[in-house]
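Spelled out, the chains give:
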Amino acid sequence: MDFDSFFRDRLDRLRADGNYRVFADLEKRCTGEAKAAHHRDGTVKDVTVWCSNDYLGMGQHPDVVRAMVDTVEACGTGAGGTRNIGGNTVHHRALESELADLHGKEAALLFTSGYVSNWASLSTLGSYIPNAVILSDEKNHASMIEGIRHSRADKVLWKHNDWRDLDRKLHAVGDRPKIVAFESVYSMDGDIAPIREIVEVCEAHGALSYIDEVHAVGMYGAHGGGVSEARGLAHRIDLIEGTLGKAFGVVGGYVTGSRALVDFIRSFASGFIFTTALPPAVAAAATASVRHLKASQTERDAQAAAVAQVRAALDRAGIPHIPNESHIIPVIIGDPVKCRQICDILMDDWGIYLQPINYPTVPKGTERLRITPGPLHGQAEIDRLVAALTALWSRCALAHAVA
């Protein structure tokens, strides 16, 4: 087989469909603004970033930066191996203690990313619990889907956010061990799950509840514990999974739960056992971020205000966007070529960075811009974003919202 010919053919098809992904070369700026330097063809240009998952700007918070720098100087750059080989550092243990406390759980376990924490935990639970069946929301993240697939456990899909459908399917499963996997905030549409109803259904059927809070931790609740904290439900959920790479502004993933559940995953999950641990400096920076957001509402309030301002400005301009309760503003374009074109013009002509969201991240025909306003976006940046989108809406022959 001519492997390179095969690879080129598939890539050509991807380009023809408008779904070939092009990454911008960005250099983040730690200036207290949502700015980055865009490097292209030997030139450097400042741009405003509107699609970062560093939702609260904690990646450049002075306390977080200082914690990382101090720990690098004290401990060096790497962990030196897996925790089974290199051991725990005080920084790993301190972070796990903070995360367990954040969610009101007995224990927490760190992973190298939110993807790995989902993949490793669901695959371990599904493969080791005898005769288990995993009931998955049909819009769950790829990391959850891959974890379930790898577990080889039976899988049942239930309609997105439809707790009545979940109830019916749990009843049909019968007396087998059941795991219900779902998210709190779904990142592409920004909708929030009916967590109370889902948890009540899980309790009625004796199912283990597993919630992915990656787009909610740091963002919601009095201490940043996510939507489950905000709605007073964290204590009723068996496993809460989260990330350190979004609102906490660092990198890594984790799970929290009972001491026995977390120790079980620690002892059997290959994605934990055989993976080099997070560097101590990363753990220290994440600890500083979690501690800060437990005590500070300032960032969450400023972020919510920026979201409300952007939504109101888009409404005044007639730019359609999906309504939801979250901090994510999806603007549907519906065409991969136009989506890419709009993002290129925004970058080239307006100094605005938005990355097109195309298939397979979202279904074909629902291509979109995904805007994530934050506390580092000021009124001038908001006005410029909406002015740019307004100009492009007519240029690219897109429909305006009906007033």
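Just so you know, the residues in each chain are numbered from 1, in the order the chain's sequence is written. Owing to the predicted nature of the model, reporting of local features is limited to residues with pLDDT of at least 70; listing and counting of side-chain atom pairs is limited to 80 or more, with chain, interface and lining totals taken over all residues. Only heavy atoms go into the side-chain values, all of them from the structure, while hydrogens and water stay out.

### Focus on a nonpolar patch on the surface
A residue counts toward a patch only above 30% relative accessible area and without a salt bridge, and it is joined to like-charged neighbours within 9 Å or, for Val, Leu, Ile, Met, Phe, Trp and Tyr, to nonpolar neighbours within 5 Å. Per-residue and other accessible areas were derived by the Shrake-Rupley procedure at a 1.4 Å probe size, with only the shown protein chains allowed to occlude residues. The term salt bridge refers to a side-chain nitrogen of Lys or Arg lying within 4 Å of a carboxyl oxygen of Asp or Glu. A cluster of nonpolar side chains, Met-1, Phe-3, Phe-6 and Phe-7, forms an exposed patch at the surface whose accessible area comes to about 470 Å². By the criteria applied, helices consist of DSSP H or I runs no shorter than four residues and strands consist of E runs no shorter than two, each listed in order from the N terminus. You can see Phe-3 is positioned in helix H1 (residues 3-16).

### Some thoughts on the sheet that holds strand S2 (residues 35-40)
Here we have four strands laid out as an open sheet, ordered S1-S2-S3-S12, and mixed in their pairing. Lying at the two open borders of the sheet, with one neighbouring strand each, are strand S1 (25-28) and strand S12 (352-353). In this description, strands pair whenever DSSP reports at least two bridges between them.

### Details of helix H8 (residues 195-205)
If you check which residues of H8 are buried, you get Ile-195, Ile-198, Val-199, Val-201 and Cys-202. Taken down its axis, H8 places every buried residue within 160° of arc, on the same side. Structurally, H8 contributes buried residues whose contacts are with strand S6 (154-158), helix H7 (163-173), strand S7 (178-183), strand S8 (208-212) and helix H9 (227-230). Within two residues after H8, Gly-206 carries a phi angle of roughly 65°, on the positive side. Relative accessible area decides the class of each residue, using a 1.4 Å probe on protein chains only: under 20% of the type maximum gives buried, over 50% gives exposed, and in between gives partly exposed. Arc definition: it is the arc formed by the directions from the helix axis to the C-beta atoms. We call two residues contacting when some pair of their heavy atoms lies within 4.5 Å.

### Quick notes on the nonpolar core
If you look at the biggest cluster of nonpolar residues, it comprises 51 residues, and the most contacted ones within it are Leu-99, Val-180, Phe-182, Ile-195 and Leu-244. Counting residues per element, the ones that place at least two in this core are helix H4 (90-102), strand S4 (107-111), strand S5 (133-137), H7, S7, H8 and helix H12 (280-295). Counting residues per element, this core draws most heavily on H12, which supplies six residues. By size, the runner-up hydrophobic cluster in this structure holds 32 residues, among which are Val-310, Leu-369, Ile-382 and Leu-392. Definition used in this section: a nonpolar core is a set of buried Ala, Val, Leu, Ile, Met, Phe, Trp, Tyr and Cys residues joined via side-chain atoms within 4.5 Å.

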